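A structural walkthrough
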Amino acid sequence: MSQATPPDVIPAAEAPALTHPVPTDSPVRVETHGIDYIPDAERHGRARDLFAVWAAPNVNFLAVVIGATLMLMGLNLWQALAAIVIGNLFAIITGIVAGSGPAAGAPSEVITRAMYGITGNRFNVAIAGWLISVCYLAINWAAATTVLVGLLGRMGIPGNGWTIAISAIVIAAATMVISVYGHGLIMRLYQPMAIVLALIFVVMAFFVVGGAHWGFAPAKPLGGIELVAVMASAIALVASSPLSYTNSADFARYLPAGTRVRDVALWTALGAVIPGIVATFIGSLAASAVDMSDPQAGLEKFLPGWFAPIFLISVIVGTIANNAMTAYSSGLALQAVGIKLPRSRTVLLDGTVGVLMTLFALLVWNFLDSVSSALQLAVTILAPIMGVYLADMLWRRNRYDGPALADDSRGSRFWFSGGVHIAGAVAVLAGVVASLMCSATLVFVGPIANAMSGIDLSVPVGLVVPFVIYLLMVRSSRRSQASL
């Protein structure tokens with residue numbers, strides 16, 4: 001006699017196949033993963049999905065502001081275009097770094113433990129992953145707040161301190177919603193967002209191109225060493241944007257482990273470079289014909305009345321898209337530093353700090369000066385971090401052990417010496433010092449840049465010096481070899 005099957009158990013032969021498991025990376029649920037390892041069973045997507053993820057945030061007003069700033073520095077249109085193209089091509093590095101995400105199944109904030117050690121990486125992430133990210137939040141929110149205040153002015157609402165503060169908070173709140181929901185929402189939302197923003201910018205570009213002065217020349221054309229110095233500073237300013245994404249692996253870590261680096265690098269770079277060049281050059285074109293010291297007012301002179309509000313709203317949406325990614329990663333950074341809070345709460349903490357810094361940038365300090373100085377100084381830290389990152393990927397051939405990287409206990413594989421990987425610490429510090437010495441900004445000019453008549457070589461020096469030092473040190477270190 002066969003044994004009766006309990007009523008609450010379905011025989012295996014009759015059980016329905018679980019073909020639709022509960023999604024762990026859903027656009028309608030708050031992401032549960034933080035800096036922990038993403039197992040293979042939860043990996044999904046294709047490298048080309050990254051194009052929209054990077055295109056949407058790079059169609060933004062800050063790029064237009066930077067383009068206008070290049071003209072205010074004394075460049076003509078074609079010199080500005082050259083600086084814009086060269087600076088945006090640094091997004092190739094952003095793309096290569098993103099390729100470490102699928103290999104490790106971890107965000108950049110954890111992968112860099114392989115470069116600096118568990119304790120050393122906490123300092124790295126606190127500065128590059130959190131502090132600089134929050135600064136970018138403030139810069140972008142300041143730009144969007146300026147636009148929103150102008151839009152409200154069209155409706156008769158005066159642009160006083162209260163209007164500025166409330167506008168900044170509203171924009172920040174919209175940003176935080178996306179960041180808190182996380183990766184799934186970003187991947188789903190940014191594809192249609194990229195298309196809509198691109199169409200609006202194309203229409204805007206049509207009006208700006210038609211009114212631009214293609215033969216524009218500054219009142220005092222630059223030449224000789226002065227031109228070289230300004231071009232170098234302009235390239236550093238533009239390059240600061242793609243180099244700021246030392247966290248690009250955060251958005252690729254859900255891809256299958258076998259995803260090729262070249263595919264991730266290609267789609268990431270294309271998504272950043274194409275809109276980056278177009279949006280920045282629009283700012284330069286506008287500055288060839290009108291006064292862009294107030295970028296919003298300057299752009300509105302090109303646009304018909306019916307289209308101006310549409311464009312202004314798109315600027316705000318693009319900035320929210322950009323900052324949602326930044327806030328997402330800065331939340332991961334706080335976890336990597338050691339703050340024992342869920343990612344959703346660390347994101348909200350970052351938003352609070354970012355809003356306070358935004359209000360400072362708008363109410364206390366000149367906006368354009370704050371943008372230029374902050375971005376040029378930030379690159380003296382970001383370029384060396386990118387240099388070490390590239391060197392480590394090359395040395396390890398992009399082979400990262402995600403579960404081992406997730407272990408931050410004393411004596412773990414990436415503990416190295418007292419929690420610090422000496423090669424990474426020496427390389428990045430040497431790179432920062434060398435980059436600062438070669439930097440020329442409104443608030444600081446390094447001794448080497450000063451001796452070279454203000455030529456800013458902070459980006460190439462900041463990339464090459466730590467890259468070389470790191471490779472030389474890891475190849476001669478037994479502790480480094482043990483971490484492979």
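Everything that follows concerns the structure shown earlier in this document.
Attention in this report is confined to the structure presented alongside it. Being a predicted model, the structure only gives us computed values, none of them experimental.

**Things to note about the overall build of the chain**
The helix and strand inventory of the chain stands at 21 helices and zero strands. Over its C-alpha atoms the chain spans a radius of gyration of 24 Å, differing by no more than 12% from the 23 Å that the globule rule assigns to 484 residues. Each principal axis of the C-alpha distribution contributes one length, and for the chain these read about 100 × 55 × 40 Å. Burial statistics for the chain: of 484 residues in total, 57% are counted as buried. Nonlocal contacts in the chain, meaning residues at least 24 apart in sequence, comprise 85% of its contacts between residues at least 6 apart. As displayed, the chain offers around 19,700 Å² of accessible surface, 69% of which is attributable to carbon and sulfur atoms.

**A few points about empty space enclosed by the protein**
Inspection of the entire model under this criterion finds two cavities of 30 Å³ or more. As a volume, the largest cavity reaches approximately 260 Å³. Put simply, the parts of the chain that give the lining of the largest cavity at least two residues each are helix H2 (61–72), helix H8 (118–154), helix H11 (224–243), helix H12 (261–287) and helix H14 (308–337). The element best represented in the lining of the largest cavity is H8, accounting for five residues. Class assignment of the residues belonging to the lining of the largest cavity gives a composition of 10 nonpolar, 12 polar and no charged. Its volume calculated, the second largest cavity comes out at about 90 Å³. Lining of the second largest cavity is provided by Ser108, Glu109, Thr112, Asn124, Val125, Ala128, Gly129, Thr246, Asn247, Ile385 and Tyr389. For the lining of the second largest cavity, the elements supplying multiple residues, two or more each, are helix H6 (108–111), H8 and helix H16 (367–396). The leading source of residues in the lining of the second largest cavity is H8, at four residues. Residues that form the lining of the second largest cavity fall into these classes: four nonpolar, six polar and one charged.

**A few points about the packing of aromatic side chains**
Tallied over the full model, the rule gives 11 aromatic pairs. Pairwise contacts between aromatic rings join Trp54, Tyr245, Phe251 and Tyr328 into one cluster.

**Considerations on a nonpolar patch on the surface**
On the surface, Val433, Met437, Ile448 and Met452 cluster together into a nonpolar patch covering about 290 Å² of accessible area. Topologically, Ile448 is positioned in helix H19 (residues 447–451).

**Topic: the nonpolar core**
Ranked by size, the top nonpolar core spans 138 residues in total, and within it Ile111, Tyr190, Met204, Leu243, Leu299 and Phe311 carry the most contacts. With residues near it in sequence (within four places) discarded, Leu299 still touches Phe61, Val64, Met204, Val208, Ala286, Met292 and Phe311.

**Re unusual backbone geometry**
Negative phi is the rule for most residues except glycine; trans is the rule for most peptide bonds. In this structure, Arg397 is a non-glycine residue whose phi angle is positive, near 55 degrees. Along the chain, Arg397 turns up in the loop between H16 and helix H17 (402–406). By relative accessible area, Arg397 is classed as exposed at 66%. Residues other than glycine seldom take positive phi values, yet Ser453 does so here, at roughly 60 degrees. With respect to the secondary-structure elements, Ser453 resides in the loop between H19 and helix H20 (458–475).

Definitions and cut-offs
Residues numbered from 1 in each chain as written. Predicted model: local features only at pLDDT ≥ 70, side-chain atom pairs only at ≥ 80, totals over all residues. Heavy atoms only, no water. Helix = DSSP H or I, 4+ residues; strand = E, 2+ residues; numbered from the N terminus. Rg over C-alpha atoms; globule rule 2.2 N^0.38 Å. Buried < 20%, exposed > 50% of the residue type's maximum accessible area, 1.4 Å probe, protein only. Contact = heavy atoms within 4.5 Å. Areas by Shrake-Rupley, 256 points an atom, 1.4 Å probe, with all protein chains shown as cover. 1 Å grid on protein atoms, 1.4 Å probe; cavity = no way out; pocket = protein on both sides within 12 Å on 5 of 7 lines; lining within 4 Å. Points joined across faces, edges and corners; volume = space filled by probe spheres on them. Nonpolar A, V, L, I, M, F, W, Y, C, P; charged D, E, K, R; others polar. Phe/Tyr/Trp six-rings, centres within 6.5 Å; stacked < 30°, edge-to-face > 60°. Patch = residues over 30% accessible without salt bridge, like charges linked within 9 Å, V, L, I, M, F, W, Y side chains within 5 Å. Salt bridge = Lys/Arg side-chain N within 4 Å of Asp/Glu carboxyl O. Core = buried A, V, L, I, M, F, W, Y, C linked by side-chain atoms within 4.5 Å.

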